[in-house]
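# Geometric and topological summary
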Amino acid sequence: MKPDYERPVIQKLNAGLLNKFGSRSLQQPVKEIEGVPVSSLMEQHGSPLFVLSERTIRQTYRRALRAFTMRYPKVQFAWSYKTNYLDAICNIFHQEGSWAEVVSGFEYQKAIRNGVPGNLILFNGPDKSTEDLRLAVDNRSLIHLDHFDELYTLIEMLEGTGKRARVAIRVNMDTGVYPQWDRFGFNYESGEAWNAIMKIVTQPNLELEGLHCHIGTYMLTPSAYATAAQKLCQLMQTTAGKTGVRVKYLDMGGGFCSSNTLKGTYLQGADVIPSFDDYAEAIVSSIMQFGFRPEELPLLILETGRALIDEAGYLLGTVLASKRLSDGRRSTILDIGVNILFTSFWYNHRISPAQEFTQHNEEMALYGPLCMNIDCIRESVSLPLLKKGDRVVVHEVGAYNMTQWMQFITLRPAVVLIDTSGSVQTIRKKETLESITSQEIVPDHLKACKL
Ligand SMILES: *Cc1c(COP(=O)(O)O)cnc(C)c1O
């Protein structure tokens, strides 16, 4: 076979390169995931392909839970549906004992459909319709109020029904991390949270059961959680002292980092992120220092999302072409676009070749297949040369990609789960022209087109 010919280019050397032939690769090919060959996964299920590891999900969950149960007697996790709401994934978390944390009517319905008892669903978010609220009340779900309009809607809806609603308020606060997430919930410092509590405790139809916060996402500073926990404890104590109402739980939300590397950071994510123990220590010591009597200790709820699943997800793809940009830089085009790898806007995802490669690396841009300039997976990454047909593995894509993905000019790929026995199970089928167009309706006069 005639080797591919590529016209040589003259390129200015960048400082730091070892020699004029480029730098030696420190990478290893990733040829299999949990013992299943990448090549057979792609031959069977197509390219691109999302792969999730059930074993990693369960191990990560248990590691996170243990960090808290080692330090605190009453801990409950609730799976953040928007992080990944494929039913199979949710059910892994529910089997592990997680409640459901939902932020929309759609997610609420999904949790019910997955068999989660209504009283174990936390209903967050600024958009709950009257119908959603009615359903949540009937199911005894925990309604986390976001604003006064929602509180008034709920009060009005309950009037004359004789029904009672279980509620908590979402509290936002200054935790020393900026910009402050103050658009959700009631503010602590301004006294708004306290006003909401006073309003709730005077309503015969409302039971104030908890206090909630979710202070941000990918939080690099555990001390922010210590501050948040302290402020919620303060609010809990004041409520008990002044109204006699003792809330049963403090929900510290999510926001723990996964080991992905944020864009614009110098060090690798894995080297800088706090551990589950760091977060647990910050939260629990804050609660413990507050001086509750043992029987008064609130249930501690956590809604960790990305940190529980990012690592368990892989995206497999294929090289479509390799070419030179006008400035001589190499560009490699993959069949993975930002439409299915939404988190590439945020993270510098680690990417590995899935086969043996030559020992020399080159700085290159990785583009997706979309006909759009923004479709760039990595602006600059040092990788071995990749040629048409080569396969790649993108690491740590389990969070948010399978919920935020967009159907744009092409069909979304299949998602498979490697279960704990090593079998590969399809958990979401590849989309088809039919599955997409089944939602469309063509008016009669537009049914025929003769050209
Ligand atoms: C998104 C979300 C979570 C999960 O956040 P992560 O940053 O993925 O841990 C938890 N709670 C609420 C209310 C959320 O909106």
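Each remark here, short or long, concerns the structure printed above.
Residues numbered from 1 in each chain as written. Predicted model: local features only at pLDDT ≥ 70, side-chain atom pairs only at ≥ 80, totals over all residues. Heavy atoms only, no water.

Let's shift gears to the site of the ligand. Looking at the ligand, there are 16 residues lining it, with Lys-82, Thr-217, Gly-255, Glu-303 and Tyr-400 nearest. One of the side-chain N or O atoms of Glu-303 is found 2.6 Å from a nitrogen atom in the ligand. Residue Gly-305 places a main-chain N or O atom 2.8 Å away from an oxygen atom belonging to the ligand. In isolation the ligand exposes 390 Å². Once the protein is present, 95% of that is buried. Counted by class, the shell around the ligand contains one nonpolar, ten polar and five charged residues. (Near = heavy atom within 4 Å. Polar contact = N/O pair within 3.5 Å; in protein donor to acceptor, adjacent residues only side chain to side chain. Areas by Shrake-Rupley, 256 points an atom, 1.4 Å probe, with all protein chains shown as cover. Nonpolar A, V, L, I, M, F, W, Y, C, P; charged D, E, K, R; others polar.)

Below, the discussion takes up unusual backbone geometry. Along the chain, Ser-47 connects to Pro-48 via a cis peptide bond; the corresponding omega equals -5 degrees. Note on placement: Pro-48 falls in the loop between α1 (38-45) and β4 (49-53). Each neighbour pair has its own omega, and for Tyr-178 with Pro-179 the value is -5 degrees, a cis peptide bond. For Pro-179, the location among the structural elements is in the loop between β9 (165-172) and β10 (186-187). With a phi close to 55 degrees, Glu-396 is a non-glycine residue in the positive phi region. Structurally, Glu-396 is set in the loop between β19 (391-395) and α12 (401-404). If you check the backbone angles, Ile-409 has positive phi at about 55 degrees while not being a glycine. In this fold, Ile-409 is placed in the loop between α12 and β20 (415-418). (Helix = DSSP H or I, 4+ residues; strand = E, 2+ residues; numbered from the N terminus.)

Glancing now at the pairing of β4. Of all five residues making up β4, five are buried, and the element is well covered by its neighbours. Both faces of β4 are covered, namely the face carrying Leu-49, Val-51 and Ser-53 and the face carrying Phe-50 and Leu-52. Where β4 lies against strand β14 (residues 313-324), four bridges are found, and the strand directions are antiparallel. Looking across to β14, one finds that Phe-50 is bridged to Leu-315. Examined bridge by bridge, β4 and β20 share four bridges and lie parallel to one another. Directly across from Phe-50, in β20, lies its bridge partner Val-415. (Buried < 20%, exposed > 50% of the residue type's maximum accessible area, 1.4 Å probe, protein only. Pairing = 2+ DSSP bridges.)

With 106 residues, the main nonpolar core has Phe-68, Leu-154, Ile-169, Ile-283 and Ile-287 as its most contacted residues. Top element by residues in this core is helix α8 (residues 222-243). It accounts for eight residues. When residues of this core are assigned to domains, at least three fall in each of domain 1 (32-51 + 311-431) and domain 2 (124-304). Aside from chain neighbours lying at most four places away, what touches Phe-68 is Val-75, Phe-77, Phe-256, Phe-276, Tyr-279, Ala-280, Ile-283, Val-284, Leu-300 and Leu-302. (Core = buried A, V, L, I, M, F, W, Y, C linked by side-chain atoms within 4.5 Å. Domains from an automatic or database assignment. Contact = heavy atoms within 4.5 Å.)

Attention now goes to the pattern of salt bridges. Under the counting rule described, the total for this entry stands at 30 salt bridges. Arg-324 is paired through a salt bridge with Glu-362; the nearest N and O atoms lie 2.7 Å apart. With Arg-324 in strand β14 and Glu-362 in strand β17 (residues 360-367), this residue pair connects regions lying 38 residues apart in the sequence. Since its relative accessible area comes to 26%, Arg-324 is described here as partly exposed. With a closest N to O distance of 2.9 Å, Lys-447 and Asp-444 form a salt bridge. Taken individually, Lys-447 and Asp-444 each receive the classification exposed, so the pair is uniform in this respect. Linked through salt bridges whose partners overlap, the residues forming this network are Glu-54, Arg-58, Arg-62 and Glu-96. (Salt bridge = Lys/Arg side-chain N within 4 Å of Asp/Glu carboxyl O.)

Time to look at the packing of aromatic side chains. Across all of its chains, the model carries 20 aromatic pairs by this definition. With centroids separated by 4.9 Å and ring planes inclined at 75 degrees, the aromatic side chains of Phe-148 and Phe-186 adopt a geometry described as edge-to-face. Of this pair, Phe-148 sits in helix α6 (residues 148-158) while Phe-186 sits in strand β10, and the two are 38 residues apart along the sequence. The exposure class assigned to Phe-148 is partly exposed, which follows from its relative accessible area of 22%. A residue is classified by how much of its surface remains accessible, and Phe-186, at 1% relative accessible area, is buried. Three or more aromatic residues joined by ring pairs make a cluster, and in this case those are Tyr-61, Phe-68, Phe-77, Trp-79, Phe-93, Tyr-225, Phe-256, Phe-276 and Tyr-279. Directly above the ring of Phe-123 sits Lys-128, whose terminal nitrogen or CZ lies 5.7 Å from the centroid. (Phe/Tyr/Trp six-rings, centres within 6.5 Å; stacked < 30°, edge-to-face > 60°. Lys NZ or Arg CZ within 6 Å of the ring centre and 35° of its normal.)

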